[in-house]
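Notes for the structure review
Each chain is listed here by its residues.
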Amino acid sequence: MAARPRVVVIGAGLLGCALADELTERGWTDVTVLDQGRPASADAPGLVFQTDPDRTLTRFAQYTVAKYSALTLDGGWCFQPVGGLELAITPERLAELKRRHGWATSWGVRSYLRSPAECAELHPLLDAAKVLGGLHTPGDGLAKPRRAAEAQARRATGRGARFLTGQRVTAVERSAGRVTGVVTGTDRFRADVVVSCAGVGAPEIGRLVDLTVPLVPVAQHYARTTALPSLAGDNDDFTEAGKPVLRHGGLTVREHVDRLGIGHAAPRTAEPFARADFEQPWAEAARLLPALGDAKVEHGVTSLVAATPDGRPLVGEHLDLDGFWIAEAVAFSHTAGVAREVARWLVDGQPRLDLHTSDLARFERVQLAPDHVRERAIRTFAGTRHDEPRRPLRTSPFYERHVALGACFAETGGWERPVWFSANETLPELSRVPSAEARTAGAEAIVARERVAVFDLTPATRLEVTGPGALPFLQTMTTNQIGHAPGAVTYTLLLGEDGGVRSDLTVACLDADRFHVGANSALDVDWLRRHLPGDGTVQIHETTGGTCCLGLRGPLVPQVLPALSTVDEGALDTYVGNVPVLALRSPYEPDWELHTSADLGRLLWDTLWEAGQPHGIVAAGHEALTSLRLEDGRRTWGVDFTAEHDPYEAGLGFAVRMDKGYFLGRDALLGRSATTVGRALTSLVTEDLVRGKEPVYFEGHPAGYVTSAARGHTVGENLAYAWLPIECAKPGTPVEIEYFGERVSAVVADSAERTRRTA
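Residues numbered from 1 in each chain as written. Predicted model: local features only at pLDDT ≥ 70, side-chain atom pairs only at ≥ 80, totals over all residues. Heavy atoms only, no water.

Scanning the model with the defined rule gives 48 salt bridges in all. With a closest N to O distance of 2.9 Å, Asp258 and Arg259 form a salt bridge. Take Asp258: its relative accessible area is 25%, and that puts it in the partly exposed class. In this structure, the salt-bridge partner of Arg401 is Asp606, at a minimum N-O distance of 2.8 Å. Highlighted residues: Arg401 in helix H10 (residues 399-404) and Asp606 in helix H15 (residues 601-612), separated in sequence by 205 residues. The exposure class assigned to Arg401 is partly exposed, which follows from its relative accessible area of 27%. (Salt bridge = Lys/Arg side-chain N within 4 Å of Asp/Glu carboxyl O. Buried < 20%, exposed > 50% of the residue type's maximum accessible area, 1.4 Å probe, protein only. Helix = DSSP H or I, 4+ residues; strand = E, 2+ residues; numbered from the N terminus.)

In structure tokens:
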């Protein structure tokens with residue numbers, strides 16, 4: 001690719017303008033932004049809320065606030081920090097706001113929990129008697145979408161970009177697996193990079209390049225009221241608003257000089273605004289704001305918003321067409337932040353933030369089915385919880401056995417995964433679990449530690465890497481020395497060029513040119529396939545759907561499976577009864593994994609279950625597994641560490657072999673070690689149980705955040721992982737965790753000592 005490639009951005013909305021601005025600022029000035037010419041709605045409310053449970057989405061919004069606060073257009077503001085005020089009218093919602101306050105603190109967003117009286121003081125139109133409290137975020141506020149887009153477009157134009165309207169894209173040209181140009185109804189534009197920022201039109205653009213873009217257009221109603229006497233004189237036409245934006249569930253309220261704008265997320269696709277459909281949101285708003293009693297809807301509009309199944313953006317490059325990128329389903333609050341990361345990704349070769357929850361490649365193929373996308377996207381956008389989606393979508397061969405044992409299921413990656421089993425509610429180990437919450441899972445964990453338990457590990461991604469170049473490929477892609485003797489099992493890491501951990505893998509050598517790879521998600525498959533050598537010497541086959549896996553754990557495993565009694569770790573082909581299995585155990589995982597084909601899964605379960613009965617075997621769920629892994633001092637990628645952390649910060653330096661030769665990310669690790677890090681993933685023992693994502697305080701000030709937490713049922717302690725500055729990470733250091741508005745005492749633990757005690 002040329003040093004300054006030709007870039008075509010499809011879509012001149014706020015995101016497309018922001019991307020052109022970010023690219024040209026970094027020296028990529030040959031940028032053409034194409035748009036059909038339909039103007040953005042002047043009624044867009046322009047609400048910016050920063051706090052989200054997803055740290056990356058919050059970081060997007062923080063940058064959006066910072067950037068648009070500094071923008072003006074012809075003397076007019078682009079962002080005004082009037083603040084945001086989220087309201088609670090039920091105890092459950094108040095508890096949720098306390099948790100959101102914790103998220104805000106963890107991610108560096110200033111926020112305050114407010115009493116009903118304080119809420120009414122911040123927004124005098126609010127009836128304090130109708131609320132139990134609120135969450136006030138002073139840095140949230142209002143933006144001018146058109147104004148912000150035009151301001152960024154002007155800056156980009158000044159650096160060489162051009163914006164063309166009346167350009168409907170009809171084709172994307174390609175050659176030898178690369179994008180070469182964009183064709184519209186009237187012109188052709190040569191391009192080395194094409195980025196789709198087409199909004200609700202993205203699926204149509206995707207079809208031009210054989211790419212499924214999993215989003216649907218959903219309706220968002222917005223109405224302006226007639227003039228309110230109670231607002232007379234409060235605002236002028238320049239400032240427009242001075243009171244914080246109100247948010248209550250799917251309802252939002254902002255000022256428009258002497259009127260209010262009321263927004264409502266509708267659980268439907270494209271339908272025009274109808275006053276009858278707005279009666280319920282209006283009544284809800286009027287209950288909170290008595291001043292609406294004599295007002296009416298003066299003007300209403302329904303706009304279409306791009307929604308995805310999980311409510312997060314879609315960012316990334318087409319796997320099969322180099323140079324074609326998408327940045328779609330981006331909320332207004334996230335526009336500048338997403339644009340910056342896409343620009344970094346294009347110009348620098350990778351983003352700086354962890355984007356795994358926004359990456360286009362995060363969905364499994366089954367999750368891209370049109371009906372599934374539509375159902376989940378509408379439900380997620382509207383925030384409904386009463387209307388459960390159709391389930392199950394994916395089940396392992398053990399599903400019927402799980403149902404018979406009373407499994408409580410949760411969905412992960414489309415799979416039904418047991419959380420705990422009601423059949424274990426009579427286990428004698430229950431008497432040793434003090435907490436009323438998760439007692440059954442606690443008993444399952446104790447059995448797994450003291451007898452034997454079986455876990456369904458089928459949802460984990462499994463690959464087979466084969467070919468004469470398989471070993472060199474895996475050596476180049478991962479950090480550890482991959483064992484090349486049949487039976488060798490290696491725990492290893494995938495890094496980015498900056499040394500950040502993209503994932504962790506378990507690699508088992510089955511033959512000189514055949515390796516079993518245990519991965520985390522579809523993102524790992526995508527990453528490995530993008531780096532395949534072009535000579536055809538390596539093939540990657542995902543085997544997850546056609547295979548299944550059971551984890552067997554506990555000191556009585558050798559009695560249940562005598563064939564494993566003389567093997568500490570490694571991989572071997574053996575039989576469990578009449579079922580051929582690949583049995584493997586890595587040095588980092590205490591479980592034996594038993595892999596077989598899906599058609600033999602039920603027989604494998606029944607054989608193990610029968611063999612385990614004399615030894616008190618139980619089926620155990622994911623909650624017990626989480627408890628055990630924290631006791632063992634094991635970390636989970638995507639939860640405890642991400643691409644923003646290097647191996648030494650995450651406590652995974654043991655999986656890095658700098659002396660083995662080149663591997664991806666090695667150069668970035670030169671000079672780094674466990675003694676040079678400025679932060680560390682730290683083990684904590686907490687006074688009370690927490691959940692994860694809570695802020696951690698050191699000497700009264702926020703210092704870090706919890707990543708995961710659980711009761712350590714077999715060690716009798718509440719355990720957590722947290723990111724902390726290295727000076728706070730010494731064993732014995734006292735800290736506090738804010739949990740639902742209250743401080744919980746904790747102390748930094750010696751994770752190595754805890755691991756020895758649980759071995």
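By the burial criterion, the buried members of helix H7 (residues 279-288) are Pro281, Trp282, Ala285 and Leu288. The arc that holds every buried residue of H7, seen down its axis, measures 125°, which confines them to one face. Turned more than 90 degrees off the buried face of H7, the exposed positions are Glu279 and Gln280. Check the buried side of H7 and you find it contacts strand E7 (84-88), strand E16 (216-225), strand E17 (245-248), strand E18 (251-256), strand E19 (259-265) and strand E20 (297-307). (Arc of directions from axis to C-beta. Contact = heavy atoms within 4.5 Å.)

Let us look at the sheet that holds strand E14 (residues 188-190). Strand order across the open sheet formed by three strands is E12-E13-E14, with antiparallel pairing between neighbours. The open sheet has two free edges, formed respectively by strand E12 (169-175) and E14, since each of these has just one partner strand. Going across the sheet, the axis of each strand differs from the next one's by a mean of 25°, ignoring polarity. Looking at chain direction, E12 and strand E13 (residues 178-184) are connected through six bridges and run antiparallel. Residue pairing for E13: Arg174 is matched across the bridge by Val179. (Pairing = 2+ DSSP bridges. Axes fitted to C-alpha atoms, helices over the stretch in contact; angles between N-to-C directions.)

Read from one edge to the other, the open sheet built from eight strands follows the order E8-E9-E7-E17-E18-E19-E16-E20, with strand pairing classed as mixed. Sheet topology places strand E8 (112-114) and E20 at the edges, where each strand pairs with a single neighbour. Going across the sheet, the axis of each strand differs from the next one's by a mean of 25°, ignoring polarity. For E17 and E18, the ladder comprises three bridges, and the chain directions are antiparallel. Bridge pairing in E18 places Arg247 opposite Thr252. The sheet strands contacting helix H9 (residues 370-382) are E16, E19 and E20, and the helix crosses E16 at an angle near 25°.

Attention shifts here to helix H13 (residues 522-530). Think of an α-helix as 3.6 residues a turn; residues three or four steps apart then line up on the same face. Summarising burial for H13: seven of the nine residues are buried, a large majority. The inward-facing, buried residues of H13 abut strand E26 (462-466), helix H12 (470-477), strand E27 (489-495), strand E28 (501-511) and strand E30 (539-542).

Below, the discussion takes up the nonpolar core. Among the nonpolar cores identified, the biggest contains 46 residues, and Leu19, Leu23, Val31, Tyr68, Val195, Val338 and Leu346 are the most heavily contacted of them. Contributing elements (two or more residues each) for this core: strand E1 (7-10), helix H1 (14-25), strand E2 (31-34), helix H2 (55-69), helix H5 (145-158), strand E15 (193-196), strand E22 (324-328) and helix H8 (335-348). Listed in part, the 26 residues of the second largest apolar core include Phe398, Val560, Leu564 and Val581. (Core = buried A, V, L, I, M, F, W, Y, C linked by side-chain atoms within 4.5 Å.)

This model, assessed by the stated rule, comprises eight aromatic pairs. Here the aromatic rings of Tyr399 and Phe409 are separated by 5.1 Å at their centres, their planes lie at 35°, and the arrangement is tilted. Taken together, the residues Tyr399 in helix H10 and Phe409 in strand E23 (residues 407-412) connect sequence positions 10 residues apart. Pair check on accessibility: Tyr399 and Phe409 agree, each one buried. Ring centres 5.9 Å apart and planes at 25° place the aromatic pair Tyr491 and Phe654 in the stacked group. Taken together, the residues span a long stretch of sequence, with Tyr491 in strand E27 and Phe654 in the loop between helix H16 (622-632) and helix H17 (666-669) at a distance of 163 residues. We classify Tyr491 as buried; its relative accessible area is 5%. (Phe/Tyr/Trp six-rings, centres within 6.5 Å; stacked < 30°, edge-to-face > 60°.)

With 96% of its residues at a pLDDT of 70 or more, the protein chain has an overall mean of 94. Here residues 753-759 is a poorly scored stretch, pLDDT under 50, and it has 16 contacts once near neighbours within four places are set aside; other chains count. (pLDDT = per-residue confidence, 0-100.)

Further remarks concern the environment of Gln475. Relative to the assigned elements, Gln475 resides in helix H12. Residues Gln475 and Leu664 lie 189 residues apart in sequence; the distance between their C-alpha atoms is 9.1 Å. With near-sequence residues (within four places) excluded, Gln475 lies in contact with Asn480, Gln481, Ile482, Lys660, Tyr662 and Phe663.

One way to put it is that helix H11 (residues 439-450) packs onto H16 with a least axis distance of 8 Å and a crossing angle of 55°. Between H11 and H16, the crossing angle belongs to the class labelled oblique. Relative to H16, H11 is oriented so that their crossing is right-handed. Where H11 abuts H16, its residues Ala441, Glu444, Ala445, Ala448 and Arg449 lie against Glu623, Ala624, Ser627, Leu628, Glu631 and Asp632. When the residues that make up the contact of H11 with H16 are grouped by side-chain class, the tally is five nonpolar, one polar and five charged. (Parallel < 35°, antiparallel > 145°, perpendicular 65-115°, else oblique. Left-handed = near helix turned anticlockwise from the far one by under 90°. Nonpolar A, V, L, I, M, F, W, Y, C, P; charged D, E, K, R; others polar.)

This part is about the pairing of E26. Counting buried positions along E26 gives four out of five residues, so the element sits mostly inside the fold. Across five bridges, E26 lies against strand E29 (residues 514-518) in antiparallel orientation. Of the residues in E29, the one forming a bridge with Leu463 is Val517. Across four bridges, E26 lies against E30 in antiparallel orientation. Residue pairing for E30: Val465 is matched across the bridge by Ile540.

This part is about the environment of Gly134. You can see Gly134 is positioned in strand E9 (residues 133-137). With a relative accessible area of 2%, Gly134 lands in the buried category. Counting along the chain gives 172 residues from Gly134 to Ala306, while the straight-line C-alpha distance between them is 29 Å. Here Gly134 is in contact with Leu85, Glu86, Leu87, Leu97, Tyr112, Leu113, Arg114 and Cys119, once residues within four sequence places are set aside.

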